[in-house]
Amino acid sequence: MAGYEFSEPADRRQTADPSAELHAADATRHACDPAFRHGVVVGFDGSTSSERALAYAIGMAVRLGSGLIIVHVANRLPTTVWAGCEPPVFVDVPDHRTEVLGLELACADYLADVPWILVERGGDICHELEEVGREYSADAIVVGSTHGIVGRIFGSVAGRLARRAQRPVIVIP
């Protein structure tokens, strides 16, 4: 009979692999611009050491002929919200520093020689830099060294990243 199909019984239909749906959702969530694949990732927060790291990363990206992925890991400020008789709820409030850094970088003349993007993340700095490096298949991650008492007590970001990263980490003093 032309134009008519018999449907298969439900028990004989092939079902999609549920893990395939998770991988597809993960791929769309972490989709990155292919122009920046195998680029140079640099951690940037506006500090003097991160500015030196950015300068080195720019030169490296120009020499490699690749793009620059500037990553700002935003501080999340925990805020308690009290709604009447309900227990308090903690809410992450973005610090809006990424927007300011983005405007400063957009106006910078020294970024004119290299294609670049600014990526904002929230969370642990080491984890997020490595994650962005993985997503973009980065050739290297460049960070500035940490000076001060906090780095001595808790360990510097550069040191922790160098121990756990799956790609080269360049620490700029």
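This is a predicted model, so every value here is computed, not measured.

Participant: Even after reading the chapter, I still don't get the overall build of the protein, so can you show me in this structure?
Facilitator: For the protein, the helix and strand inventory stands at six helices and seven strands. Each helix and strand of the protein, ordered N terminal to C terminal, gives the series α-β-α-β-β-β-α-β-α-β-α-α-β. Split into buried and exposed, the 173 residues of the protein put 34% on the buried side. The contacts in the protein between residues at least 6 apart in sequence include a share of 69% that link residues at least 24 apart. For the protein, the accessible area works out to roughly 11,200 Å², and carbon and sulfur atoms hold 57% of it.

Participant: Please clarify how the pattern of salt bridges should be interpreted in this entry.
Facilitator: Close approach of charged atoms allows side chains of opposite charge to pair. All chains considered together, the criterion is met by six salt bridges. With a shortest N-O distance of 3.4 Å, Asp124 and Arg160 are connected by a salt bridge. Linking Asp124 in the loop between β5 (116-122) and α4 (125-135) with Arg160 in helix α6 (residues 157-164), this pair joins segments that are 36 residues apart in sequence. Its relative accessible area of 29% is what places Arg160 among the partly exposed residues.

Participant: I'm lost on unusual backbone geometry in this one. Help?
Facilitator: Residue His38 is not a glycine yet carries a positive backbone phi of 60 degrees. Take His38: its relative accessible area is 46%, and that puts it in the partly exposed class. Even without being a glycine, Ser137 presents a positive backbone phi close to 50 degrees. Among the secondary structure elements, Ser137 is positioned in the loop between α4 and β6 (140-144).

Participant: Just checking my understanding: could you explain the nonpolar core for this structure?
Facilitator: Ranked by size, the top nonpolar core spans 19 residues in total, and within it Val41, Ile69, Val71 and Tyr136 carry the most contacts. The contact partners of Val41, leaving out residues within four places of it in the chain, are Ile69, Val71, Leu129, Val132, Gly133, Ala138, Ala140, Ile141 and Val142. Residues Val40, Phe44, Leu105 and Ile172 belong to the second largest nonpolar core, which totals 18 residues.

Participant: Could you clarify how one ought to interpret the environment of Glu120 in this entry?
Facilitator: Its place among the elements puts Glu120 in strand β5. Here Glu120 falls in the partly exposed class, since its relative accessible area comes to 38%.

Participant: Teacher, can you tell me more about α4 here?
Facilitator: Because an α-helix completes one turn every 3.6 residues, residues spaced three or four positions apart along the sequence face the same direction. Judged by how many residues are buried, α4 sits mostly within the fold: eight of 11 residues are covered. Buried positions along α4 lie against β1 (40-43), β2 (68-74), β5, β6 and α6.

Participant: What is the right way to look at the sheet that holds strand β7 (residues 169-172) in this model?
Facilitator: Sheet strands line up and pair through hydrogen bonds in the backbone, either parallel or antiparallel. An order of β5-β2-β1-β6-β7 is seen for the five strands of this open sheet, with the pairing classed as parallel. Every other strand in the sheet has two partners, leaving β5 and β7 as the edge strands with one partner each. Adjacent strand axes in the sheet meet at a mean angle of 25 degrees when their direction is disregarded. Summarising the sheet, β2 and β5 pair through seven bridges and their orientation is parallel. The residue of β5 that forms the bridge with Leu68 is Trp116.

Participant: Help me out: how do you make sense of the packing of α4 against α6 in this one?
Facilitator: Helix-helix packing is characterised by the crossing angle of the two axes and by the distance between the axes. Where α4 contacts α6, the two axes come as close as 9 Å, and the packing angle between them is 50 degrees. By the angle class used here, α4 and α6 are oblique. Judged by the sense of rotation from one axis to the other, the crossing of α4 with α6 is right-handed. Each of Ile125, Cys126, His127, Leu129 and Glu130 in α4 lies in contact with α6, whose residues at this interface are Val157, Arg160, Leu161 and Arg164. By residue class, the composition of the contact of α4 with α6 is five nonpolar, one polar and three charged.

Participant: Please explain the packing of aromatic side chains as it appears in this structure.
Facilitator: Here the structure, examined in full by the defined rule, presents zero aromatic pairs. In this structure, Arg63 is placed above the aromatic ring of Tyr56, and the distance from its NZ or CZ to the ring centre is 5.9 Å.

Rules used in this analysis
Residues numbered from 1 in each chain as written. Predicted model: local features only at pLDDT ≥ 70, side-chain atom pairs only at ≥ 80, totals over all residues. Heavy atoms only, no water. Helix = DSSP H or I, 4+ residues; strand = E, 2+ residues; numbered from the N terminus. Buried < 20%, exposed > 50% of the residue type's maximum accessible area, 1.4 Å probe, protein only. Contact = heavy atoms within 4.5 Å. Areas by Shrake-Rupley, 256 points an atom, 1.4 Å probe, with all protein chains shown as cover. Salt bridge = Lys/Arg side-chain N within 4 Å of Asp/Glu carboxyl O. Core = buried A, V, L, I, M, F, W, Y, C linked by side-chain atoms within 4.5 Å. Pairing = 2+ DSSP bridges. Axes fitted to C-alpha atoms, helices over the stretch in contact; angles between N-to-C directions. Parallel < 35°, antiparallel > 145°, perpendicular 65-115°, else oblique. Left-handed = near helix turned anticlockwise from the far one by under 90°. Nonpolar A, V, L, I, M, F, W, Y, C, P; charged D, E, K, R; others polar. Phe/Tyr/Trp six-rings, centres within 6.5 Å; stacked < 30°, edge-to-face > 60°. Lys NZ or Arg CZ within 6 Å of the ring centre and 35° of its normal.

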